[in-house]
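Descriptive analysis of the structure
Spelled out, the chains give:
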Amino acid sequence: EAEPALQVLAIVGPTAAGKTALSIELAERFSAEIVNLDAFQIYRGMDIGTAKPTPAEQSRVRHHLIDIFDIDHNATVMEFEQLAAAAISDINLRGKLAICVGGSGFYLRTVLDELDLPPTEPVVRAKFEARLAELGAEQLHAELAKLDPTAAKLIPVGNSRRVVRALEVIELTGRGYQAELPAPLPRYRDLRIGLRVPRDVLAT
């Protein structure tokens with residue numbers, strides 16, 4: 001029995017590594033469509049420093065999830081995953097290959113893999129964000145260390161966003177925060193290509 005057709009090709013790597021050029025070349029060759037998985041290219045106006053495909057590049061191949069939100073919209077990972085899944089499904093149902101492109105590793109994993117992500121609650125998160133503003137990063141990190149020493153060791157004091165997230169998860173679940181991502185289960189039959197460019201080349 002023949003194996004199912006490849007559904008997703010993923011191209012990942014740092015900004016300016018050549019992902020856009022490669023993805024467009026492959027999309028034209030295989031009559032595919034591109035799904036953006038970069039956390040910043042989804043915002044209108046964020047063109048500097050994101051290596052967003054130019055209008056000319058986007059005109060060559062159909063792109064999805066670029067310039068879909070205003071900058072004041074705080075897109076959640078779950079919201080992004082749902083939009084990406086809908087785009088991939090639409091592309092596949094039309095008999096085309098979806099090429100997912102991005103440098104945001106967490107977004108890539110969330111879209112392509114089944115992850116058991118902890119719940120989120122805006123009211124609880126806002127409470128800890130207020131405590132961060134009141135007490136400062138070091139004190140909030142100290143609170144995390146009392147509740148979950150393992151997570152506190154893995155999360156730097158200066159990464160206040162993850163400290164707040166850890167405290168939110170602990171309050172919502174009553175369990176320790178998984179500072180490391182859980183083992184993934186593939187959501188699609190996919191092939192992943194990682195572009196590696198020497199640091200000195202990227203800097204030029």
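Residues numbered from 1 in each chain as written. Predicted model: local features only at pLDDT ≥ 70, side-chain atom pairs only at ≥ 80, totals over all residues. Heavy atoms only, no water.

The phi dihedral of Ser31 falls on the positive side, at around 55 degrees, and the residue is not glycine. Looking at the secondary structure, you find Ser31 in the loop between α1 (19-30) and β2 (33-36). Residue classification places Ser31 among the partly exposed positions, given a relative accessible area of 42%. Unusually for a residue other than glycine, Asp67 sits at a positive phi of about 60 degrees. Within the secondary structure, Asp67 sits in the loop between β3 (63-64) and α3 (77-93). (Helix = DSSP H or I, 4+ residues; strand = E, 2+ residues; numbered from the N terminus. Buried < 20%, exposed > 50% of the residue type's maximum accessible area, 1.4 Å probe, protein only.)

Here the focus is the nonpolar core. Judged by nonpolar contacts, the single largest core of 22 residues is most densely connected at Val35, Leu37, Phe80, Ile88, Cys100, Val111 and Leu112. Mapped by element, the contributors of at least two residues to this core are β1 (8-12), α3, β4 (98-102) and α4 (105-112). The element best represented in this core is α3, accounting for 5 residues. Membership of the second largest hydrophobic core comes to 14 residues, among which are Ala152, Ile155, Val163 and Val164. (Core = buried A, V, L, I, M, F, W, Y, C linked by side-chain atoms within 4.5 Å.)

Overall, the predicted model of the chain reaches an average pLDDT of 86, with 89% of residues at or above 70. Between the elements of the chain, mean pLDDT differs from a low of 60, seen in helix α9 (residues 199-202), to a high of 97, seen in β3. (pLDDT = per-residue confidence, 0-100.)

It is the contact of helix α6 (residues 137-147) with helix α8 (residues 160-173), at a shortest axis distance of 10 Å, that shows an interaxial angle of 35 degrees. The hand of the α6/α8 crossing is left-handed. Only Ser160, Val163, Val164, Ala166, Leu167 and Ile170 of α8 make contact with α6, whose side of the interface consists of Ala137, Leu140, His141, Leu144 and Leu147. Tallied by class, the residues present in the contact of α6 with α8 amount to 9 nonpolar, 2 polar and no charged. (Axes fitted to C-alpha atoms, helices over the stretch in contact; angles between N-to-C directions. Left-handed = near helix turned anticlockwise from the far one by under 90°. Contact = heavy atoms within 4.5 Å. Nonpolar A, V, L, I, M, F, W, Y, C, P; charged D, E, K, R; others polar.)

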